[in-house]
Structure formats: structure tokens, C-alpha cells
Amino acid sequence: GRTIRTYGANQDITERKQAEEALRLFRTLVDNSNDTFEVVDPNTGRFLDVNEKGCQELGYTREEYLSQRVFDIDPTIDPAVFSEIRAQLPKTNSMMVEGIHRRKDGSTFPVEVNIRFIHLDREYMVTAVRDITERKRTEETLRESELKFRTLFESSRDAIMTVAPPSWKFTSGNSSTIKMFEARDEADFTSRSPWEYSPEFQPDGQLSEKKARDLIEKALREGSIFFEWTHKRLDGSQFPVTVLLTR
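Basis of the calculations
- Sequence positions are assigned chain by chain, starting from 1 and proceeding in written order.
- This being a predicted model, a pLDDT of at least 70 is required before a residue's local features are given, and a value of 80 or more before pairs of side-chain atoms are given or counted; all residues contribute to the totals for chains, interfaces and linings.
- To get the side-chain values, all heavy atoms of the structure are used, and hydrogens and water are removed first.
- We count a stretch as a helix when DSSP gives it H or I for four or more residues in a row; a strand needs E for two or more, and each element gets its number in order from the N terminus.
- We call a residue buried when its accessible area falls under 20% of the maximum for its residue type, exposed when it is over 50%, and partly exposed in between, using a 1.4 Å probe and counting protein chains only.
- Here, residues are in contact when the closest pair of their heavy atoms is within 4.5 Å.
- Areas reported here follow the Shrake-Rupley algorithm with a probe of radius 1.4 Å; residue values treat only the protein chains shown as occluding.
- In what follows, salt bridge is the name for a side-chain nitrogen of Lys or Arg lying within 4 Å of a carboxyl oxygen of Asp or Glu.
- When DSSP finds two or more bridges between a pair of strands, those strands are recorded as paired.
- For helices, the fitted line uses only the C-alpha atoms of the stretch in contact; every axis is such a line through C-alpha atoms, and the angle between N-to-C directions lies from 0 to 180 degrees.
- Nine residue types can take part in a nonpolar core, namely buried Ala, Val, Leu, Ile, Met, Phe, Trp, Tyr and Cys, and a core is a set of them joined through side-chain atoms within 4.5 Å.
- Only protein atoms enter the 1 Å grid used here. Points where a 1.4 Å probe fits but cannot escape make up a cavity, open sets with protein on both sides within 12 Å along at least five of seven lines make up a pocket, and a residue lines them when an atom lies within 4 Å of a point.
- Grid points are joined across faces, edges and corners, and a volume is the space filled by probe spheres set on the points.
- Gly is placed with the polar residues, together with every amino acid not listed as nonpolar (Ala, Val, Leu, Ile, Met, Phe, Trp, Tyr, Cys and Pro) or charged (Asp, Glu, Lys and Arg).

A. The overall build of the protein chain, seen in detail. Assigned secondary structure in the protein chain consists of nine helices and nine strands. Here the protein chain, with 247 residues, has 33% of them falling under the buried criterion. Sequence-distant contacts in the protein chain: of pairs separated by 6 or more residues, those separated by 24 or more amount to 36%. Carbon together with sulfur atoms contributes 52% to the accessible area of the protein chain, which is approximately 16400 Å² in total.

This is how it looks when you write it as C-alpha cells:
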């Protein structure tokens, strides 16, 4: 009944434990990200993995999400489009596309999708998906604002024009401006600088170019200035105007 000897084998698993801990940390970071992360089968378009954000954003459980394919949640992607992306991706390794994601309740929202092609034990498509609803709203508001400005700009009976640094040449002019200077069109008008539509000297004896540059600098400092000026049409005739110069 005596124990003669015992044998044992010890193996240092520090590296494995560290790798497991790093993996858990990475998963925690991904699940707490503000963006959706998806792993997609490049051959079928089926989801292989998704983080918590993706499930919350679309209203699916993880199991429901992974039972679907890309085409099921993005109405802008069909098998033909997916095949084109699949064919192009290995050549570039990554691409950015915009699409639409559809929630479980049927509502949709615009997304920006960053796709990367990864080859490990097999090929994967890994996507980072960002909700761009607010950006699209901002862009639409900006477009509407630009349209309103352009409408007011073109319909104004006053001559309205813009200049830009560093040359301070005209960059735009409305129809009243074109008519006032007798230019052919806006492109013809913007091919010249403000002092080219002025006589060499202003009535106070100052050089038009120097005075114009000084007034522009003053408007940049103060926000806006109002002054009298003498302009010159393309036929050489001169006429007095009042100018509101605004930054």
C-alpha cells in the first residue's frame, strides 16, 4: 500500500490566459461601441457575428440577427450588388459605402458602412456600420438653405456679388450684377477683380485697387462696412454706387 512515486506535468498557460483576457477585453470594447460591428460570410452574405449595438439598433436578438443575411436588413443591397462588392473587395481590402438599414419594426435609417476583407482560417467581411441620420438631416438643411439663398440671390433687384481670398476676385454675381456691369454672363463677370470694374482712381484721389483692398480688410475686421464707390462698366462708362460689404 506504499506510494512509490508520482508523476505530474505542469504547463505554463500564462500566454493562453493573457490571450483569453485580451479577447474578452476586445469583445467588451466592441459590444460597448457606438457603432455596429458585423462579421459576414463573403460567400453567402449571412451574418456570422454582431455586437450588442447592432442588435439594439435594429431591435433583434443576437440569434435573430445571425439568422439573416445582408439583403434582409439593407433594401439597397441585393445578391447582384453583394456579388459586385464581394468581387471588388479582395482587390482593395476595404471600401466605404452608404446604405439603408431596416429595423425589425420596418422603419429604416441611413448608414455608412466601412467594409474590410480579412483572411484568417477562412475569408471574412468585417463591417463597421454608423447611423448617419443626423448628418443626412444636416446636409438636407444645408441644401435647403443654399436653395433659399440662391433664390433670393438671383431674384434681388440689387447687385449682389461675392469675393474670396487670396486674390479677392469675384466668385459670383447675380443677374442684376451682370446687367449693371454689362458682362456677358456670370463666368465673364467673375473673370475679373473688383478694381477692374473701377476707374484707376476714386473721386478722393486714392488708387481704386489699394482702397478696395483696404476696405476689404476693414470689413474682415469689423464684420461689415457701408461706403460710396465709383464703378466702371465694361464699356468704360462710370457710375456712383453705395456698397454694403459684409464678411
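That was the structure; now back to the text.
B. View of the pattern of salt bridges. Considering all chains together, one arrives at 19 salt bridges under this definition. Put simply, Arg 86 and Glu 123 hold a salt bridge, and the shortest N to O gap is 2.7 Å. Of the two residues, Arg 86 is situated in helix H5 (residues 79-92) and Glu 123 in strand E5 (residues 123-131); the sequence distance between them amounts to 37 residues. Relative accessible area serves as the criterion here: at 27%, Glu 123 is assigned to the partly exposed category. A single network of salt bridges, built from pairs that share partners, joins Glu 98, Glu 112, Arg 135, Lys 136 and Glu 139.

C. Summary view of the pairing of strand E3 (residues 94-102). Note that E3 and strand E4 (residues 108-119) share nine bridges and pair antiparallel. Note that in E4 the partner of Met 96 across the bridge is Asn 114. Between E3 and E4, which pair antiparallel and follow one another directly, the connecting turn spans five residues, one of which, Gly 106, has a positive phi of 95°.

D. Molecular detail of the sheet that holds E5. Judged by pairing direction, the sheet is antiparallel, and its five strands sit side by side in the order E2-E1-E5-E4-E3 without closing on themselves. With one partner strand each, in any of the chains shown, strand E2 (47-50) and E3 form the two edges of the open sheet. Neighbour-to-neighbour, the strand axes of this sheet turn through a mean angle of 30°, independent of strand direction. Here strand E1 (residues 36-40) pairs with E2 via three bridges, running antiparallel. Note on E2: the bridge partner recorded for Glu 38 is Val 50. Most of the contacts of helix H6 (residues 133-155) go to E4, to which it runs at about 125°, and overall it touches E3, E4 and E5.

E. Representation of the nonpolar core. Formed by 23 residues in total, the largest nonpolar core has its most connected members in Phe 47, Tyr 65, Val 70, Phe 82, Ile 115 and Met 125. Where this core is concerned, the elements lending two or more residues are E2, helix H2 (52-58), helix H3 (62-66), helix H4 (70-73), H5, E4 and E5. Residue contributions to this core peak at five residues, all from E4. Among all residues touching Phe 47, those that are not within four sequence positions of it are Glu 38, Val 39, Val 40, Tyr 65, Leu 66, Gln 68, Arg 69, Val 70 and Ile 73. Residues Phe 170, Ala 212, Ile 216 and Ile 225 belong to the second largest nonpolar core, which totals 18 residues.

F. Fine view of the layout of surface pockets. Here the largest pocket is characterised by a volume of approximately 730 Å³. Listing elements by their share of the lining of the largest pocket, those giving two or more residues are strand E6 (161-164), helix H9 (208-222), strand E8 (224-232) and strand E9 (238-246). Ranked by the residues each element gives to the lining of the largest pocket, the list is headed by E9, at seven residues.

G. Just empty space enclosed by the protein, in detail. Within the structure shown, the criterion is met by one cavity of 30 Å³ or more. Space inside the largest cavity adds up to approximately 190 Å³. In terms of lining, the largest cavity is formed by 16 residues, of which the most central are Val 70, Ile 77, Val 113, Ile 115 and Thr 127. Those elements that provide at least two residues to the lining of the largest cavity are E1, H4, H5, E3, E4 and E5. Tallying contributions element by element places E5 first for the lining of the largest cavity, with three residues. When its residues are assigned to classes, the lining of the largest cavity shows 12 nonpolar, two polar and two charged.

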